[in-house]
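Chain residues, written in single-letter form:
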Amino acid sequence: MNKKTGKQVSTSQKEVENFNLRLKELIGDQSISSFGQLIDASEGGIRKWLNKTSKPSFDKVVRIADECKVNLEWLATGKGEKYNNNKSLEYCDEYAYIPVYNVTVSTGHGIYSKDESITRHLAFRKRWLQFRNLTPSDLAVVYASGDSMEPTIHSNNSLLVATNQTSLKDGCIYVLRINDDLFAKRLQKGLDGSVILISDNKEYEKQRIEKDKIELLNIIGKVVWIGKDLN
C-alpha cells in the first residue's frame, strides 16, 4: 500500500522503490562524499536518493552501475542478478583486506601492549583507498581505549592508521609511541621546536614534548579513518 496515494503497490514496484537500499549497499563503508566524487554527484543529492525525496536521472543510474560494476537492471529495478556472469568474484577483488592488530592505543594516559598479533582483517574498497591515496601494505587497524579524544574517538573504536604518513602536520591525529606507551592524539608543532599533544576532550590538558626530548616521540602513523558502532 502506497502511504501517499492509498493504492496497492505491486511487488515489482516495491523493488523499484527500494533503489535507495541497493544504493546504500553499494556505498558500503566509504563516505557519501567520496562515493559522490566517484559518480560525479553531490553529497546532498545522494542523501536525497537515500532518503527517497528525489530520484537520480537514468544516465546517473547507468554511471553508478558502471562504476560499481553491477547489473544495471538489478540496480534500477531489483530484478535479476546483482553481477553479470562471474562478477561476484571480481567484487571480492575490489576489496583490500587490512590487518587488525591486537593492539590497544590509548586516548587517555597511555597503555602498553606487547601483543601485536593479527586478530582479523577489515575489508576496504580498493577504489576508496586509491581515492584517498592510501596503499594497503602501509595500513593497519588498531583499537582505541579511553575518553580523552571524545567525541571524535570513543573507546573500542577501530583506527585505520597509515604507517607511511609520519611527517607531522598540525591538527592531524596520529598514533604515537612515547617510551612503551601508545597514544592517539592531535599533534601541533610549537614555535620553539616542541610538539604539543592535544586531546579533543577539553577536560584533558595539553601535553608538551620539549625540543630536547623529541627523540622520545615516535610517530607510528596518521589516523585516516575511524570505525565505530552506533547505539
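Residues numbered from 1 in each chain as written. Predicted model: local features only at pLDDT ≥ 70, side-chain atom pairs only at ≥ 80, totals over all residues. Heavy atoms only, no water.

1. Remarks on the nonpolar core
One finds Leu23, Phe35, Ile46, Ile64, Val70 and Leu75 to be the most contacted residues of the largest nonpolar core, which totals 18 residues. Among the secondary structure elements, those contributing two or more residues to this core are helix 2 (19-27), helix 3 (32-39), helix 4 (43-50), helix 5 (58-68) and helix 6 (72-77). Not counting residues within four places of it along the chain, the set of residues in contact with leucine 23 comprises Phe35, Ile46, Trp49, Leu50 and Ile64. Formed by 14 residues, the second largest nonpolar core is a distinct cluster that contains Ala96, Phe124, Leu134 and Val224. (Core = buried A, V, L, I, M, F, W, Y, C linked by side-chain atoms within 4.5 Å. Buried < 20%, exposed > 50% of the residue type's maximum accessible area, 1.4 Å probe, protein only. Helix = DSSP H or I, 4+ residues; strand = E, 2+ residues; numbered from the N terminus. Contact = heavy atoms within 4.5 Å.)

2. So, unusual backbone geometry
Here the residue pair glutamate 150 and proline 151 is connected by a cis peptide bond, since its omega of 10° sits within 30 degrees of zero. Considering the arrangement of structural elements, one finds proline 151 in the loop between strand 3 (139-145) and strand 4 (158-162). If you check the backbone angles, aspartate 40 has positive phi at about 60° while not being a glycine. Residue position: aspartate 40 is located in the loop between helix 3 and helix 4. In this structure aspartate 40 comes out as exposed when scored by relative accessible area, which is 54%. At lysine 69, a position not held by glycine, the phi torsion is positive, near 60°.

3. Regarding helix 4
The set of residues buried in helix 4 consists of Gly45, Ile46 and Trp49. Seen from one end, helix 4 has its buried residues packed into an arc of 100°, which puts them on one side. Packing partners of the buried residues in helix 4 comprise helix 2, helix 3 and helix 5. A positive backbone phi angle near 65° is found at lysine 52, which sits one or two residues after helix 4. (Arc of directions from axis to C-beta.)

4. Points about the side chain of aspartate 200
Considering the arrangement of structural elements, one finds aspartate 200 in the loop between strand 7 (195-198) and strand 8 (207-209). Residues within four places of aspartate 200 in sequence aside, it is in contact with Ser148, Met149, Glu150, Thr152 and Arg186.

Shape is all these values report; function is a separate question.
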